[in-house]
Amino acid sequence: MNDYARIEKAMSYMVANAASQPSLETVAAQVHLSAYHFQRLFCRYAGISPKRFLQALTLERGKQLIASSESLANTVHALGLSGGSRLYDHFVQLEAVTPGEFKRQGEGVEIAYGVHPTPFGEILVAMTPRGICRMAFVASTSQEALLAELVKQWPRSTLCHRPDATRYAVKALFTTSAETTTKATSATLSLHVSGTNFQIAVWRALLTIPEGRLASYSQIAQALGMPKSSRAVGNAVGANPIALLIPCHRVIQQSGALGGYRWGVETKQQVQAWEAAQHSPQLEPH
């Protein structure tokens, strides 16, 4: 079992057993490590401690996030819907496929792809010369199925397995805090996506939700000036082609329920807890 697989298994165990608040030793035993080595490994690869991650999973933390429905109320105003939005340590700029590109169906375009480990499981990253066009968790389907989707969307393109060309996208997300000073914060992550005008507008809105914060489908609909389009917003969120970078995991139901997730509800819960823990240092007393 490699290190990322251990972190993924440990996170899954904590998600499933959060109510019982398992000890560090108990979680470490699940991945066959001593508590000392597990603590070091988890902090290195997840950027937070196991304790902080577990605290972020608790019901009390969930209440705080929903009750930041002051954050939910303010989110409508925070959703700036401008072109490119700052996503904390890195920038994400979303560009839509042009009508000409759509008509050519990828003719003459080389799409580089690679599969990379993350704390939440392996993720496939694919990119055209203009930016990342697909980012999806492999466990939710299969690498073959994801590549088949790419071919369907870009039938005249050429797929090339080039993980060295796609690795940067994952590194930008999972560089640990210890490496923050050397992180290329000035670089822009460009996304090159295909969707309807409405889908593009929803995906741009998602980019404005800060890490560690949540918004509801109805609030995004309100921010778009279409308060009765919550269901359509939900469909657009579900069609998001770029996991993590277009943060559909930050969208919940108005009731506070977690809602669905294209790549699995457990993964959504893990990502939300991971982000909340990183941006809520008060969770872990000194």
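About the cut-offs
Residues numbered from 1 in each chain as written. Predicted model: local features only at pLDDT ≥ 70, side-chain atom pairs only at ≥ 80, totals over all residues. Heavy atoms only, no water. Core = buried A, V, L, I, M, F, W, Y, C linked by side-chain atoms within 4.5 Å. Buried < 20%, exposed > 50% of the residue type's maximum accessible area, 1.4 Å probe, protein only. Contact = heavy atoms within 4.5 Å. Phe/Tyr/Trp six-rings, centres within 6.5 Å; stacked < 30°, edge-to-face > 60°. Helix = DSSP H or I, 4+ residues; strand = E, 2+ residues; numbered from the N terminus. Salt bridge = Lys/Arg side-chain N within 4 Å of Asp/Glu carboxyl O.

### Some thoughts on the nonpolar core
Move 1: The biggest cluster of nonpolar side chains holds 79 residues, and the ones touching the most others in it are Phe42, Phe53, Leu206, Ile220 and Leu245.
Move 2: Residues in contact with Leu206, not counting those within four places in the same chain, are Ile220, Val237, Ile246, Pro247, Cys248 and Val251.

### Observations regarding the packing of aromatic side chains
Move 1: Enumeration over the complete set of coordinates arrives at 8 aromatic pairs.
Move 2: Both rings, one in Phe120 and one in Trp274, keep their centres 5.5 Å apart while their planes meet at 75°; by these two values the pair is edge-to-face. Taken together, the positions of Phe120 in the loop between strand E3 (110-116) and strand E4 (123-128) and Trp274 in helix H13 (residues 265-278) put the pair 154 residues apart, joining distant regions of the chain.
Move 3: Pairing Phe137 with Trp263 gives two aromatic rings, centres 6.4 Å apart and planes at 70°, and the pair type is edge-to-face. Remark: Trp263 occurs in the loop between strand E9 (251-252) and H13 and Phe137 occurs in strand E5 (residues 131-137); sequence separation between them is 126 residues. Of the two residues examined, Phe137 and Trp263, each falls in the buried class.
Move 4: In this structure an aromatic cluster arises from ring pairing among Phe38, Phe42 and Phe53.

### Section: the pattern of salt bridges
Move 1: Under the counting rule described, the total for this entry stands at 9 salt bridges.
Move 2: Here Arg167 makes a salt bridge to Asp164, at a shortest N to O gap of 2.8 Å. Taken as a pair, Arg167 and Asp164 lie in helix H9 (residues 163-174) at a separation of 3 residues, close to a single helical turn.
Move 3: Residue class for Arg167 comes out partly exposed when judged on its relative accessible area of 36%.
Move 4: Via salt bridges that share partners, Glu95, Glu101 and Arg130 belong to a single interconnected network.

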